[in-house]
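Coordinate inspection notes
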Amino acid sequence: MRATLWILGSVCVVQAGGGALSALWGRGREWFLVHRVGPLEGYEIFACIVLGVLGLALWAAGAAVRME
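Attention in this report is confined to the structure presented alongside it.

Parameters and conventions
Residues numbered from 1 in each chain as written. Predicted model: local features only at pLDDT ≥ 70, side-chain atom pairs only at ≥ 80, totals over all residues. Heavy atoms only, no water. Core = buried A, V, L, I, M, F, W, Y, C linked by side-chain atoms within 4.5 Å. Buried < 20%, exposed > 50% of the residue type's maximum accessible area, 1.4 Å probe, protein only. Helix = DSSP H or I, 4+ residues; strand = E, 2+ residues; numbered from the N terminus. Contact = heavy atoms within 4.5 Å. Patch = residues over 30% accessible without salt bridge, like charges linked within 9 Å, V, L, I, M, F, W, Y side chains within 5 Å. Areas by Shrake-Rupley, 256 points an atom, 1.4 Å probe, with all protein chains shown as cover. Salt bridge = Lys/Arg side-chain N within 4 Å of Asp/Glu carboxyl O. Phe/Tyr/Trp six-rings, centres within 6.5 Å; stacked < 30°, edge-to-face > 60°.

1. Description of the nonpolar core
The biggest cluster of nonpolar side chains holds 8 residues, and these are Leu5, Cys12, Ala16, Val34, Ala47, Cys48, Leu51 and Leu58. Among the elements of the structure, α1 (2-25) and α2 (44-64) are those that each provide at least two residues to this core. It is α2 that provides the largest number of residues to this core, a total of 4 residues. Apart from the residues within four sequence positions on either side, Cys12 is in contact with Leu51, Leu54, Gly55 and Leu58.

This is the structure we're talking about:
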């Protein structure tokens with residue numbers, strides 16, 4: 001469970017960072033999830049921030065899980 005949360009958090013943070021950079025620079029749009037979701041058009045930066053916070057929350061949840 002701990003490793004799953006860390007991996008999902010890492011994917012979210014990478015997608016958020018790359019999506020924000022591509023939204024600011026206007027290049028590489030096909031690689032990031034935020035640019036593929038139609039209703040988020042025009043809100044890419046905000047969606048990337050939310051996705052990054054979600055990734056950090058998943059990392060925190062992974063750190064809080066006890067190893068048994």
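2. A short note on a nonpolar patch on the surface
The grouping of Leu21, Leu24, Trp25, Ile45, Ile49 and Val53 at the surface amounts to a nonpolar patch, some 660 Å² of accessible area in total. Secondary structure elements with two or more residues in the nonpolar patch: α1 and α2. Note that Ile45 resides in helix α2. Under the relative-accessibility criterion, Ile45 is labelled partly exposed at 36%.

3. Section: the packing of aromatic side chains
For the structure on display, the rule yields 1 aromatic pair. Between the aromatic rings of Trp6 and Trp59, the centroid separation amounts to 6.4 Å while the plane-to-plane angle is 35°, which identifies the pairing as tilted. One end of the pair, Trp6, is in helix α1; the other, Trp59, is in helix α2, and 53 residues separate them in sequence.

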